[in-house]
Amino acid sequence: MGSASSASRVIFLDVDGRTQKVVFSRFCSPCDIKELFCTATGLSRNTTISLLDSTGAMVSIDPTMPNNSESSPYKVVPITGGQLADKEEVFQNVLTQVAEQFSRAFKINELKSEVTNRLAMLEKRVELEGMKVVEIEKCRSDIKKLREEMASRNSSFLEDNKKLTPHRDVSSYPKYMLSQQTIDALRKPTFDVWLWESNEMLSCLEYMYHDLGLVKDFNINPITLKRWLLCIHDNYRSNPFHNFRHCFCVTQMMYSMIYLCNLQEKFTQVDILILMTAAVCHDLDHPGYNNTYQINARTELAVRYNDISPLENHHCAVAFQIFSQPDCNIFANVDPEAFKQIHQGTITLILATDMARHGEILDSFKQKVDSFDFTNEEHVTSLKMVLIKCCDISNEVRPMEVAEPWVDCLLEEYFMQSDREKAEGLPVAPFMDREKVTKPTAQIGFIKFVLIPMFETLMKLFPQIEEVMVQPLRESRDRYEELKQIDDAMNEVQKKKSENLTVGGKKK
C-alpha cells in the first residue's frame, strides 16, 4: 500500500543572522504565509515584504514556493513606498511580455480573445486601484495559472485526441496482487482511500470489474480493461478535489453498496456495469471550477452545452470519446442493442450528479420508494440515479480520519474558484468565500439537509445501510455542530475582549 503525502511545508528564514524555522500547511493562502513570515521576523503582520534567496533573487511567497535548507535560508525584506512604483513598472513590463507570448502561442481565436480580455482586466486593476506589491504578486500568480490553464485547456478538451490514449501502455502498469484483507476492506464503506497510490488504485478498480463478473459476462478483453483504466487516470486533472482519487473513492463506494445492498440479486448485470462505469467516468476532465462559474464566465463549455449541466455533459463526452478509441473500448464485444442501453444508462447517471438537479431527482425517488418495483425500468433508473448521487457525495459516510481531509481538499478548490471570481468581477457564493466559511459551517447544512435526507430515503429500501452509512452521517453532523459551538464561544470571548479594550481606551 502507498503512503499519504505530508500536508506541511518547512521554510528557513534569516532573522538578524540567526536561522528561523517556519512550518505551515500546504493549504495556507499566500496572505497567511506572508503574515507568518512577518511574525517570524518581528515585522507588523500587514507589512509588505519580499522574499530573497541566497543569490538575491526574489522568491514567490505561496504554498508551492521552492524548498530551502537551514544552510541557505531566505531573507525577508520590507518593501518601501519607492519600491512599490518600481514593482508596478516591472509588473507592467511582465504584462506586456506575457501578452506578446500569448499572442504567439495561441492560434485559436476564442482562446486568444479570452486571454487578452483577462490580461486587460488585470492591467485595469493596476491602473485604477494602484495595487500594492501583495496584489501585484497575486496577479503574477494569476497570470501564470491562466497560462497553464489555457495550455491545459488547449490540450485536453475534446478537439485534441492526445489524452484519449494512455500515456503509458499496459507493460509499464505494474500488477498488484490484492491480499484477502484488502479485498474484504474494499467491499466496505470504511475503506481508507488515502493509503493507496495511483497504480494500486488502478489495480483495485481492475479487480472490481473482474470480481463482479463484468469481464466475463461482457467478454471484456483484460488488456483493454487495463488500457481503458490507464486512459481514465490520464484524463482526470490534478485538482485539489475533483481528481483521480475522487474517481476511485466514488467507484469504491459504489462497489461497497453493490455488496451491502445485494444489488446483483436485484439488478441485471447491464445495470451493474452502468453503475460502475458511470462512477469511474463521472468527473472526467473536471477543470476545478463548477457549473456556476462556467455559466457566469461564459466559458467554452457553457456555450457548447447552452448552460445546461455543462460539466456533466463534458464528462459524458470525454468518456465516450475514450470508448471510441479501439484500444480502450471495453464494450467492443457487446452487441449493439446492449451497447445502446449501456451508453444511455451511463449518460443518465453522470448527468444525475449535477447538484442543481438534486431536489428533482430525490423527490422523484421518494414518490416511488414506498411501492418500489425492481421489475419497473423507471423505478430502477430512479434508484440508480440516487445510488450514484449518494456515492458522489459520500465522504462523510467514511470514518472521520478518512472524511476530514476531503473537506480540506474541497475548500481549497472552492477558494481557488472564489478568488478567481472576485478577480473577474463575478458573483461569489458565500459557502466558497474563504473570508466567510469554516469547516463546521461548510459541513453542517450539507450533512443535515442534503446527505441525511437522501440516505434516509434510500434506507427505506435498504435498511442495512443505517448502521454503516446513516449513523456515521448523524455522528458527523453532531461533531461539526459541537465544533461550531466551540468556534462561536471563542469568537464571543474575543469580541468581548475587543469591546473591553475599546471601552478602556475611551476612559483614559
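It should be emphasised that the depicted structure is a prediction, and the values quoted were computed from it without experimental measurement. (Residues numbered from 1 in each chain as written. Predicted model: local features only at pLDDT ≥ 70, side-chain atom pairs only at ≥ 80, totals over all residues. Heavy atoms only, no water.)

Visitor: Got a minute to help me understand the overall build of the protein chain in this structure?
Guide: Helix and strand content of the protein chain: 19 helices and 4 strands. Across the 508 residues that make up the protein chain, the buried fraction comes to 48%. Counting only contacts in the protein chain whose residues sit at least 6 apart along the sequence, the fraction spanning at least 24 positions is 72%. Per element, the accessible surface of the protein chain, about 24,700 Å² overall, is 51% carbon and sulfur. (Helix = DSSP H or I, 4+ residues; strand = E, 2+ residues; numbered from the N terminus. Buried < 20%, exposed > 50% of the residue type's maximum accessible area, 1.4 Å probe, protein only. Contact = heavy atoms within 4.5 Å. Areas by Shrake-Rupley, 256 points an atom, 1.4 Å probe, with all protein chains shown as cover.)

Visitor: What am I meant to see in the nonpolar core here?
Guide: Note that soluble globular proteins tend to have their nonpolar side chains buried in a common cluster. Tyr209, Trp228, Ile232 and Leu458 are the most contacted members of the largest nonpolar core, which totals 106 residues. Once residues lying within four places of it in the same chain are set aside, the contact partners of Trp228 are Tyr209, Thr277, Val280, Cys281, Ile322, Phe323, Cys328 and Ile330. Counting 16 residues, the second largest nonpolar core, distinct from the first, contains Phe24, Ala40, Ile49 and Val76. (Core = buried A, V, L, I, M, F, W, Y, C linked by side-chain atoms within 4.5 Å.)

Visitor: When you look at the environment of Leu301 in this model, what are you seeing that I'm missing?
Guide: One can find Leu301 in helix α12 (residues 300-304). By relative accessible area, Leu301 is classed as buried at 1%. A C-alpha to C-alpha distance of 8.8 Å links Leu301 and Asn313, two positions 12 residues apart in sequence.

Visitor: Explain the UniProt feature "binding site: Zn(2+) 1" (unreviewed entry) in the protein chain to me, please; I cannot follow it from the model alone.
Guide: This chain's UniProt record puts "binding site: Zn(2+) 1" (unreviewed entry) on His246, His282, Asp283 and Asp392. For the residues just named, distributed over 147 residues, the greatest C-alpha separation is only 10.0 Å, placing them together at one site. Lining the second largest pocket, from the set of annotated residues above, are His246, Asp283 and Asp392. Of note, His246 is situated in helix α9 (residues 244-260). Of note, Asp392 is situated in helix α16 (residues 377-392). A residue is classified by how much of its surface remains accessible, and Asp392, at 13% relative accessible area, is buried. When sequence neighbours within four positions are dropped, the list of residues in contact with Asp392 reads His246, Val250, His282, Asp283 and Thr353. A distance of 3.2 Å separates the side chain of Asp392 from the side chain of His246, its partner in a polar contact. (UniProt positions renumbered as here; feature names shortened; annotations may be inferred. 1 Å grid on protein atoms, 1.4 Å probe; cavity = no way out; pocket = protein on both sides within 12 Å on 5 of 7 lines; lining within 4 Å. Polar contact = N/O pair within 3.5 Å; in protein donor to acceptor, adjacent residues only side chain to side chain.)

Visitor: Sorry if this is basic, but what is going on with unusual backbone geometry here?
Guide: For residues that are not glycine, phi is negative in most cases, and the peptide bond is trans in most cases. Its identity is not glycine, yet Asp16 carries a phi of approximately 50°, on the positive side. In this structure, Asp16 sits in the loop between β1 (8-15) and β2 (18-25). Accessibility expressed as a relative area gives 79% for Asp16, which makes it exposed. Not every positive phi belongs to a glycine, and Asn306 is a case in point at roughly 55°. Here Asn306 is to be found in the loop between α12 and α13 (310-323).

Visitor: Any chance you could explain α16 here in plain terms?
Guide: Residue pairs three or four apart in sequence face the same way in an α-helix, which turns once every 3.6 residues. Taking 1.5 Å per residue as the helical rise, α16 with its 16 residues ought to reach 22 Å, and the 23 Å between its terminal C-alpha atoms agrees with that figure. Sitting at the head of α16, Asn376 places a side-chain oxygen 2.9 Å from the backbone nitrogen of Glu378. (Expected span 1.5 Å × (residues − 1).)

Visitor: What exactly am I supposed to notice about the sheet that holds β1 here?
Guide: Picture the strands of a sheet paired through backbone hydrogen bonds; they go either parallel or antiparallel. With mixed pairing, the 4 strands of this open sheet are ordered in space as β2-β1-β4-β3. Of all the strands in the sheet, the pair left with one neighbour each is β2 and β3 (49-52). The average undirected angle you get between the axes of adjacent strands in this sheet is 40°. Note that β3 and strand β4 (residues 74-78) share 4 bridges and pair antiparallel. Within the sheet, the bridge partner assigned to Leu52 lies in β4 and is Lys75. Packing against the sheet, helix α1 (residues 30-40) makes contact with β1, β2, β3 and β4, and its axis sits at approximately 150° to β2. (Pairing = 2+ DSSP bridges. Axes fitted to C-alpha atoms, helices over the stretch in contact; angles between N-to-C directions.)

Visitor: Quick question: what am I supposed to make of the pattern of salt bridges here?
Guide: Counted by the stated rule, this structure contains 18 salt bridges. Note that Arg479 and Glu404 form a salt bridge whose closest N and O atoms lie 3.8 Å from each other. You can see Arg479 sitting in helix α19 (residues 465-507) and its partner Glu404 sitting in helix α17 (residues 400-423), a full 75 residues away along the chain. Linked by salt bridges that have partners in common, Glu404, Asp408, Lys439 and Arg479 make up one network. (Salt bridge = Lys/Arg side-chain N within 4 Å of Asp/Glu carboxyl O.)

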